[in-house]
Amino acid sequence: MPAFNIIALGCGGGPDEHNLSCYLFKPHEQSWDDGIFALDAGSSIGALNKLLAEQPELFDMKQITGSVHVSHSASEVYSWIRNFIITHAHLDHVNGMVLSAGSMGGPSRSVIGAHRCLQDIESIFSGRIWPKLASWSEADSLPLTLTPLPDNDQYTSIASSVSIRMMPISHGQHEGLGTYWSSAFFIRHDPSAREFLFFGDVEPDSIAAEPRNRNVWRSAAEKIPEQLNTIFIECSWPSGRADDRLYGHLSPEHLCAELTVLACEVSGYRKRALVSLEHDYEREESHRARKRQRKRLVSGPPSLHGALNGVRVYVTHCKEDNQGDHQQPIHKVIADQVQRLVDAQQLDVEIIAVEQGMHILTVAILPLPFTQGARDVYIIIGRSDRTGI
Ligand SMILES: [Zn+2]
Ligand SMILES: [Zn+2]
């Protein structure tokens, strides 16, 4: 059963204002004009104008309805957004929403995120930086309604078939303020129970004052790959960046280390699951069969080989190569560097550079036990011709 359509409206890490973090998605069974979810809101109308000039049928509904193609303007498509889900309030993640807030028309949009993130957004709409266009109460009928998410292990329903779980992650230190918090979101398509994981800007656990990434990996591990095999995570810098110049972001070396932690969590979870399975067998099987089973299942050190088989990691938020240090586009350079590092670790994970305008359709197949190598089908429409099974 298909889950989500995701379009990368903007995926850069700055400073190009036409390519800032913003991902538009919808449940596959719905049309774009039924209501779009914006995951971060860095770029908006300008980026949409650019994408629609290159791909006029990007938001065409005919693949869903069979209807005749109708062109839609950028402002029309943007007006279909009903929920903004914001990882943190840095300008490169909220700029488009702020600029558009007064001109979208229609009903109030929910701005969903951590309470502290929404407080930061509220401060932008204080009347000094920008007019008061946001409120904590829908009854105020302002264009944006601030809707905080709990940071517990619960999923919150935000629409008829979409639920979301927020987890705090560290995005560096701010002098005098301590840790600056960003968010990771598990976004679930309720009818199929399929999820994808989306990280806001994030620093490595290995250098964070308050490391939280492992909590996210641990929560993800038990869902990989049947329920969850799509991860969006930033890698702002290319290889070789010194730790004291990361400014709350990841480099390929650190992203590989983080994915290795995920692989350890997956491997550990599977081992515990297999031991538990083995205990079930114990009640039913003969002593000899039991001994054989135990030897096969629990002997030897945990292997990470293939732990992330079937997982695709979409690399986001690459900082522009303004000095022209690289011949390839920087997002391809960084994704290649990450791929080489994870290949050396035999993690069996696919690294994909997100490109602006990329349309990702996640299609779930009937889940198989992970021991049989369950995989999903992913079709990426648009600028990439990658199709994998
Ligand atoms: Zn940031
Ligand atoms: Zn950012």
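Quick notes on the rules
Residue positions are given per chain, counting from 1 as you read along its sequence in written order. Naming scheme: in the order in which they are written, chains are lettered from A and ligands are numbered from 1. Local features in a predicted model are, by the rule used here, given only for residues with pLDDT of at least 70; side-chain atom pairs are given and counted only at 80 or more, and totals for whole chains, interfaces and linings are based on all residues. Water and hydrogen atoms play no part in the side-chain values, which are based on all heavy atoms of the structure. Here the rule is simple: two strands pair whenever DSSP picks up at least two bridges between them. Helix numbering and strand numbering both begin at the N terminus, where a helix is a DSSP run of H or I of at least 4 residues and a strand a DSSP run of E of at least 2. Working convention: axes come from line fits to C-alpha atoms, limited for helices to the stretch in contact. Angles between N-to-C directions cover 0 to 180 degrees. Note that water is not among the atoms considered, so a metal site may appear incomplete; the donors listed are N, O and S atoms within 2.8 Å of the metal, with 3.2 Å applied to Na, K and Ca. Geometry assignment treats four donors as tetrahedral when all angles are between 85 and 135 degrees, treats four as square planar and six as octahedral when opposite donors are over 155 degrees apart and all others between 65 and 115, and treats everything else as irregular. Each residue gets one of three labels from its accessible area relative to the maximum for its type: buried under 20%, exposed over 50%, partly exposed in between, using a 1.4 Å probe on protein chains only.

Looking at an unreviewed UniProt entry, one finds the chain named 3',5'-cyclic-nucleotide phosphodiesterase and attributed to Postia placenta MAD-698-R-SB12.

Q: How would you sum up the sheet that holds strand E14 (residues 350-353)? Please name residues and give values.
A: Taken in spatial order, the seven strands line up as E8-E9-E10-E11-E12-E13-E14 in an open sheet, and their pairing is mixed. Edge positions in the sheet fall to strand E8 (156-159) and E14, since each has one partner strand and no second. Averaged over all neighbouring strand pairs, the angle between strand axes comes to 30°, with direction disregarded. The sheet contact formed by strand E11 (residues 194-199) and strand E12 (residues 228-234) spans three bridges and is parallel. When the bridges of E12 are listed, Glu195 appears paired with Leu228.

Q: Account for the coordination of the zinc ion (ligand 1), naming residues and giving values.
A: Protein coordination at the zinc ion (ligand 1) comes from His88 (NE2), His90 (ND1), His171 (NE2) and Asp201 (OD), with a distance range of 2.2 to 2.3 Å. Summarised as a motif, the one-chain spacing of the donors to the zinc ion (ligand 1) is H-x1-H-x80-H-x29-D. Between the zinc ion (ligand 1) and the zinc ion (ligand 2), the interatomic distance is 3.4 Å, and Asp201 donates to each metal, bridging them. Linking His88 in the loop between strand E4 (81-85) and helix H4 (91-100) with His171 in strand E9 (residues 162-174), this pair joins segments that are 83 residues apart in sequence.

Q: Describe the pairing of E8, naming the residues involved and giving the relevant values.
A: Strand direction decides the pairing type here: E8 and E9, joined by three bridges, are antiparallel. Opposite Ser157, over in E9, you have Ser163 as the bridge partner. Between the end of E8 and the start of E9, which pair antiparallel, lie two residues.

Q: Before we move on, could you go through the coordination of the zinc ion (ligand 2) and cite the residues and values that matter?
A: Around the zinc ion (ligand 2), the donor atoms from the protein are Asp92 (OD), His93 (NE2), Asp201 (OD) and His317 (NE2), and they sit 2.1 to 2.2 Å away. Classification of the site at the zinc ion (ligand 2) rests on its four donor atoms, whose angles at the metal span 89 to 167°, yielding the label irregular. Read in sequence order, the donor residues coordinating the zinc ion (ligand 2) give the pattern D-H-x107-D-x115-H. Among the residues examined, Asp92 registers a relative accessible area of 18% and is labelled buried.

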